[in-house]
Amino acid sequence: MISSRHARRNLTIAAIGAAVVAAGLAGWILLGHWQAGDLTFFGDDSFSPADDEVAGRDKLFQPDAVILTTSLSSLPRDIISVPVLNDLLSEDFVFYYEENEGRLGLEGTFRRIAYERNLGVGDEILAYVLNTSAQIAFWKGKDGKLKEYLLVVPRSGLLKYAGRLAGLLGAPPAPTVADSTPPAAERDPLAEYEDEQLARETVLPGDPASPVYRLEYTADKSLYFAARKDHLLVFSELELLVPEDASRTERVSEFLGSLDHQNLGRRFRLPRPAGRHSVVVGAEYLSFGYQRFFPAVRALRFDFSGNRWRTHLLSSAAFPSPQALWQYVPTGAALCAALPVALASVAEVAADVDADPALADFLTTLSAPVAVCWYGTSELQTPLFVALAPAKENTAATAALGRLFAATVGTWESEDGAKGPVTEATCTGGRVWSREVSSPYGPLEGEGMRYRHHFRVTLASCGGALLFSPDPRLVDLGVGVLQKKYPALADSLSEEPDAVVVLAPAGLAQLLESALMSSLPSAQEPVFRTSVVRSLLPLLKRAAEYPGYVLPAPQRFGEWEVLAWKEWE
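Throughout what follows, the structure given in this document is the object of discussion.

Definitions and limits used
Residues numbered from 1 in each chain as written. Predicted model: local features only at pLDDT ≥ 70, side-chain atom pairs only at ≥ 80, totals over all residues. Heavy atoms only, no water. Helix = DSSP H or I, 4+ residues; strand = E, 2+ residues; numbered from the N terminus. Buried < 20%, exposed > 50% of the residue type's maximum accessible area, 1.4 Å probe, protein only. Contact = heavy atoms within 4.5 Å. Areas by Shrake-Rupley, 256 points an atom, 1.4 Å probe, with all protein chains shown as cover. 1 Å grid on protein atoms, 1.4 Å probe; cavity = no way out; pocket = protein on both sides within 12 Å on 5 of 7 lines; lining within 4 Å. Points joined across faces, edges and corners; volume = space filled by probe spheres on them. Nonpolar A, V, L, I, M, F, W, Y, C, P; charged D, E, K, R; others polar. Salt bridge = Lys/Arg side-chain N within 4 Å of Asp/Glu carboxyl O. Phe/Tyr/Trp six-rings, centres within 6.5 Å; stacked < 30°, edge-to-face > 60°. Lys NZ or Arg CZ within 6 Å of the ring centre and 35° of its normal. Disulfide = S-S within 2.5 Å. Core = buried A, V, L, I, M, F, W, Y, C linked by side-chain atoms within 4.5 Å. Pairing = 2+ DSSP bridges.

## Concerning the overall build of the chain
At step 1: Assigned secondary structure in the chain consists of 17 helices and 22 strands.
At step 2: Out of the 569 residues in the chain, the part that is buried amounts to 50%.
At step 3: A sequence separation of at least 24 residues applies to 66% of the contacts in the chain between residues at least 6 apart.
At step 4: For the chain, the computed accessible surface area is about 26,400 Å², with 55% contributed by carbon and sulfur atoms.

In structure tokens:
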């Protein structure tokens, strides 16, 4: 139930989400890349479907994540300024991002070049670069990590260093002028300058044809930088702004020309930042490639102002009420979310496997949202999925579900390529199917399979619900809820029946501890396991003492909405 106690800890759980995303993104950029900034940010907080057409022009228009900040170097410290995070993170978190090899390598390279040219420029300019505002866009690589980036900072703040910067780049000092707009045709200050770590690579497309330089700041890390009009651009991959494919040249030129009146967060319709930091992450990145199944969720945003992080959501359609769904979900979950799944997309994918009309009809009768829940007594890789289904059994649809399960679940377990057998049982108003699937990550042990470990993947269509999990115990609990033998999550959500996220730190800490210990066997990973036991497990135990939180269903769509987390016990 919702409580007003724990006043000392009565702050929004948005801080936790901000820590996960902002720390990861800020930490990644600080791990070895240039940081800077002071831009005027533009945007509005309304969503238009036409934005998809704009984003479709080129990847530059559709980043996976964006950071807008007044001081990138202060982001790690601002993360631990929130009381709950200050309880869980130490100063080592900040020192890690301030003293890592990549950042120190970049600073050292910059200072070396300045020293060799007899310029007193290093610390002064670095201080400016690290403490002015910046825009950074990120794109995920083939491995799903945020690897590519583009950082945009203004050139105007560097005017007072113009003479020394020109010397740094190998050119005679240029006079400082009041007008920050560069001439149409700029001379190349590095045309005759040679350095092992700094060299001219090519030019940016469009007008003017600005030179692009490569700075190698560690043995295996480089970045590129160029100036275009009033902006300094720092980027990770040459192909990002200097395409080899000629078909991209016009689109890249269009993007570079839009920097004067659009920020890097145009895709996310970012409003003008009101605080110190704004971190936005697209749903495509957060969904690990499953965005097709819940397209209404577009992005999450985390804003920092003062000492408080706030969470915002951007969606393109109303959230369906999960009130009826929680009646079929077992209580005791560590983390539950009601996802606004587009069931038509599910039916479309299923039709590629089994074109039986009975299956398509059944899937279209399912009701959104669909719950995904993790339990502390299970594993991180074995959540429970629950969807509302017709209470009355349809014989043809049941048979089609069984065929779909047999066709899509499992892998070869013998030399002839055969899968393990599917077992079938009855339940009230339906059927339960299960199959043992070998995997080195499975929690069960057995013989005669490809691996010693395996999952017992289970699907149940019973009396008004469809339940699926790689852990059969969770499906059994769900069936027990249907049979009134086990309490439902709805019983503990009487004051927030429309909650779309339910978070229980005690169960989540138990789940994470189990995952860590199973992934670090003492015989194979004694050093890492010892470090986790000494440093991380005490933090999990501390986090387990916090109260639970629920997130009421969002009420608006088509614009950014503040998410108001509430304490829950």
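## Topic: empty space enclosed by the protein
At step 1: Per the stated rule, a full pass over the model turns up 4 cavities of 30 Å³ or more.
At step 2: Its boundaries defined by the atoms lining it, the second largest cavity holds a volume of some 90 Å³.
At step 3: What lines the second largest cavity is a set of 10 residues, among which F61, F255, N263, L264 and R266 lie closest to the centre.
At step 4: The residue inventory of the lining of the second largest cavity, partitioned by class, reads 5 nonpolar, 3 polar and 2 charged.

## Section: the pattern of salt bridges
At step 1: Using the criterion set out here, one finds 18 salt bridges in the structure.
At step 2: Its salt-bridge partner being R403, residue D354 comes within 3.0 Å of it at the nearest N-O pair. Highlighted residues: D354 in the loop between α12 (343–351) and α13 (357–364) and R403 in helix α14 (residues 395–408), separated in sequence by 49 residues.
At step 3: For D354, a relative accessible area of 13% gives the class buried.

## Observations regarding the packing of aromatic side chains
At step 1: Within this structure, the stated rule accounts for 6 aromatic pairs.
At step 2: Pairing F304 with W309 gives two aromatic rings, centres 5.1 Å apart and planes at 50°, and the pair type is tilted.
At step 3: Classification of F304 by relative accessible area gives buried; the value is 0%.
At step 4: Against the face of W560 rests R301, its NZ or CZ located 4.9 Å from the ring centre.
At step 5: Against the face of W412 rests R450, its NZ or CZ located 4.3 Å from the ring centre.

## Examining the state of the cysteines
At step 1: Taken as a whole and judged by the stated rule, the model has 2 disulfides.
At step 2: Residue C336 pairs covalently with C373 via a disulfide, S to S 1.9 Å. Across the S-S bond linking C336 and C373, the dihedral sits near 115°, which makes this disulfide right-handed. Placement of C336 in strand β11 (residues 333–339) and of C373 in strand β12 (residues 367–375) is noted, with a sequence separation of 37 residues between them. For the pair formed by C336 and C373, the shared burial category is buried.
At step 3: Here C427 engages in a disulfide with C462; their sulfurs sit 1.8 Å apart.

## Quick notes on the nonpolar core
At step 1: Judged by nonpolar contacts, the single largest core of 29 residues is most densely connected at W326, V329, C336 and V502.
At step 2: Contributions of two or more residues to this core are made by β11, β12, β13 (384–388), β17 (453–462), β18 (465–469), α15 (472–482) and β19 (499–503).
At step 3: Residues F61, V212, V242 and L264 belong to the second largest nonpolar core, which totals 28 residues.

## Quick word on the pairing of strand β14 (residues 422–427)
At step 1: Note: β14 against strand β15 (residues 430–438), 6 bridges, orientation antiparallel. Residue pairing for β15: C427 is matched across the bridge by G430.
At step 2: Two successive antiparallel strands, β14 and β15, enclose a turn made up of 2 residues, where G429 displays a positive phi of approximately 75°.

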